Amino acid sequence: MRMVITFQNKSVPVYFTTENKQPTQKVLRLLTSTLDLKIQKGKSALKKCLNSLISIEIKGSEAILHSYSENDSLALSLY
């Protein structure tokens, strides 16, 4: 399933696998609040990834953040 969120005035596609047990809206709220917190208080490597974010893939309780540079892509735990 594919959804789109707005993060830092950009539309970012979020891809879900069918194995997620949590409701989609709850996961999206958790994801956006986590991203907002990380952009404010995160380490420089995480901020670099978030500034060049192109898509997010949700697998279970992890969010894989894909950026322009493959070396900057990260996995982020949501729970």
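Residues numbered from 1 in each chain as written. Predicted model: local features only at pLDDT ≥ 70, side-chain atom pairs only at ≥ 80, totals over all residues. Heavy atoms only, no water.

### Things to note about helix H2 (residues 44-51)
Each α-helix winds once per 3.6 residues, and so residues spaced three or four apart point in a common direction.
Turning to step 1, where the next piece is worked out: Among the residues of H2, those classed as buried are Leu46, Cys49 and Leu50. All buried residues of H2 lie within an arc of 95 degrees about the axis, which places them on one face of the element. Exposed and oriented more than 90 degrees from the buried face of H2 are Ser44 and Ala45.
Turning to step 2, where the next piece is worked out: Buried residues belonging to H2 abut strand E1 (2-7), strand E2 (10-16), helix H1 (24-41), strand E3 (53-59), strand E4 (62-67) and strand E5 (74-77). (Buried < 20%, exposed > 50% of the residue type's maximum accessible area, 1.4 Å probe, protein only. Helix = DSSP H or I, 4+ residues; strand = E, 2+ residues; numbered from the N terminus. Arc of directions from axis to C-beta. Contact = heavy atoms within 4.5 Å.)

### So, H1
Turning to step 1, where the next piece is worked out: A rise of 1.5 Å per residue sets the reference length of H1, with its 18 residues, at 26 Å; its end C-alpha atoms lie 26 Å apart and thus fit the reference within 8%.
Turning to step 2, where the next piece is worked out: When H1 is considered as a whole, its buried residues turn out to be Val27, Leu28, Leu31, Thr34 and Leu35. What you see down the axis of H1 is that its buried residues fit within an arc of 135 degrees, all on one side. Among the exposed residues of H1, those oriented more than 90 degrees off its buried face are Arg29, Gln40 and Lys41.
Turning to step 3, where the next piece is worked out: Looking at the packing, one finds that the buried side of H1 touches E1, E2, H2, E3, E4 and E5. (Expected span 1.5 Å × (residues − 1).)

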